[in-house]
Amino acid sequence: MKFFIDTANLDQIKEAQALGILDGVTTNPSLMAKEGIKGEENVTQHYINICEIVDGDVSAEVISTDFDGMVKEGEALAKLHPQIVVKIPMIKDGVKALKYFSDKGIKTNCTLVFSAGQALLAAKAGATYVSPFIGRLDDISTDGLNLIAEIRNIYDNYGFETQILAASVRHTMHVIDCAKIGADVMTGPLSSIEGLLKHPLTDIGLEKFLADHKKNQ
Ligand code: E4P
């Protein structure tokens, strides 16, 4: 399972990269705004900065919602750095743009996916990644993890190569449950990754080992 971090915060990206387990980064316009990154020049430079920190794929989202606009923006984003993955919303023109980029060998991440039908379309259009937003489904009393399981089933039935990127991951149990179901990738905050290493018995055990070692000195 690949681990992506879902942020545009360079310090958090560096921290996750330093752990040695980071496979990529996802961003979106809200995450960029949260970091105060405004204006085309700053935005493009920020994507380049992120690519220089991590070794893996970095999703950069288009703002246009029409086919021509998405193609123009996506092509410009893809030229910024070989690690850039063009993030395209699941709308009608978005499906056309996914197919266009797939035919050109440009990697894509189909975002804002909330149903198995949308995920099926994204795979048919040749998306590299599909991003079902599990946390936002949970927020409206709908089982986000069940969507991951449905997509896994559909993709396995037909051997679709589109990778399931569990997005809108909010906590560590989401990460574990996505791994059990077989999501290819998860993207979440640094806290969802760091939560994986915590166990009170590890802390108690280490404290005892160190105390016993001291006694023997
Ligand atoms: C995915 O690529 C999105 O950036 C993200 O996971 C959305 O998460 P949120 O629902 O916590 O905003």
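Residues numbered from 1 in each chain as written. Predicted model: local features only at pLDDT ≥ 70, side-chain atom pairs only at ≥ 80, totals over all residues.

Notes on the overall build of the protein
Quick note on the threshold: Counting from the N terminus, the helices are DSSP H or I runs at least four residues long and the strands are E runs at least two residues long. Contact between residues is assigned whenever the C-beta positions, reconstructed from backbone atoms, fall within 7 Å.
Regarding its fold elements, the protein presents 11 helices and 8 strands. Dimensions of the protein along its principal axes, counting C-alpha atoms only, are 70 × 40 × 30 Å. Contacts in the protein between residues at least 24 apart in sequence constitute 53% of all its contacts with a sequence separation of at least 6.

Considering the environment of Gly 105
Which entries qualify depends on this criterion: Burial in this document is a count-based property: other C-beta atoms within 10 Å of a residue's C-beta are tallied, and the residue is buried at 20 or more, exposed at 12 or fewer, or partly exposed in between, with C-beta positions derived from the backbone.
Within the secondary structure, Gly 105 sits in the loop between helix H5 (92–104) and strand S5 (108–113). Classification of Gly 105 by C-beta neighbours within 10 Å gives exposed; the count is 7. In this structure the C-alpha to C-alpha distance between Gly 105 and Pro 200, which are 95 residues apart in sequence, comes to 47 Å.

Things to note about the site of the ligand
Going by this rule: Being near a molecule or strand means, for a residue, that its backbone-placed C-beta atom lies within 6 Å of it. Ten residues, namely Ala, Val, Leu, Ile, Met, Phe, Trp, Tyr, Cys and Pro, are considered nonpolar, four, namely Asp, Glu, Lys and Arg, are considered charged, and the remaining ones, Gly among them, are considered polar.
As a structural note, the neighbourhood of the ligand is formed by Asp 6, Thr 26, Asn 28, Thr 111, Ser 131, Phe 133, Gly 135, Arg 136, Ala 167, Ser 168 and Thr 187. Tallied by class, the residues present in the shell around the ligand amount to 2 nonpolar, 7 polar and 2 charged.

Description of the UniProt feature "active site" (unreviewed entry) in the protein
What counts here: UniProt positions are given in the numbering used here, feature names are shortened, and annotations may be inferred rather than shown by experiment.
Under the feature "active site" (unreviewed entry), the UniProt entry names Lys 87. Structurally, Lys 87 is set in strand S4 (residues 84–89). In this structure, Lys 87 is in contact with Ser 59, Ala 60, Glu 61, Val 62, Asn 109 and Thr 111, ignoring residues within four places of it in sequence.

Observations regarding the sheet that holds strand S7 (residues 163–166)
What counts here: Any two strands with at least two DSSP-identified bridges between them are counted as paired. Axes, fitted as lines to C-alpha atoms, cover a helix only where it is in contact. Angles between the N-to-C directions of the axes lie from 0 to 180 degrees.
On the basis of which strands lie adjacent, the closed barrel formed by 8 strands has the order S1-S2-S3-S4-S5-S6-S7-S8 and parallel pairing. The average undirected angle you get between the axes of adjacent strands in this sheet is 30°. Across 3 bridges, the pairing between strand S2 (residues 24–26) and strand S3 (residues 57–61) is parallel. Across the sheet, residue Gly 24 finds its bridge partner in S3, namely Asp 57. Running at roughly 165° to S3, helix H3 (residues 40–53) makes contact with S2, S3 and S4 of the sheet.

Observations concerning the pairing of S3
The criterion, for reference: With its strands directed away from the observer, a crossover is right-handed exactly when the path from the first strand over the helix to the second travels clockwise.
With 5 of 5 residues buried, S3 is to be regarded as a mostly interior element. What you see with S3 is no split at all: Asp 57, Ser 59 and Glu 61 on one side and Val 58 and Ala 60 on the other are buried throughout. Direction of pairing for S3 relative to S4: parallel, over a ladder of 4 bridges. Within the sheet, the bridge partner assigned to Ala 60 lies in S4 and is Val 86. The β-α-β motif built from S3, the intervening helix H4 (residues 67–80) and the parallel element S4 has right-handed crossover chirality.

Considering the nonpolar core
Quick reminder of the rule: Any nonpolar core is a set of buried residues, restricted to Ala, Val, Leu, Ile, Met, Phe, Trp, Tyr and Cys, that join up through C-beta atoms within 7 Å.
In this structure, Leu 98, Cys 110, Ala 122, Val 130 and Ala 166 are the most contacted members of the largest nonpolar core, which totals 48 residues. If we skip the residues at most four places from it in the chain, Ala 122 touches Met 90, Leu 98, Cys 110, Val 113, Ala 127, Val 130 and Thr 162.

What about the pairing of strand S1 (residues 2–6)?
Regular strands place their side chains on alternate faces of the sheet. Sheet topology note: the S1/strand S8 (residues 185–188) ladder contains 4 bridges and is parallel. Across the sheet, the residue bridging to Ile 5 is Gly 188, located in S8. Bridge count for S1 against S2 is 3 bridges, and the pairing is parallel. Its bridge partner being in S2, Asp 6 is matched across the sheet by Thr 26.

As for unusual backbone geometry
For Ser 141, which is not a glycine, the phi torsion comes out positive at approximately 60°. By the element assignment, Ser 141 lies in the loop between helix H7 (134–139) and helix H8 (144–158). You can call Ser 141 exposed: it has 6 C-beta atoms within 10 Å.

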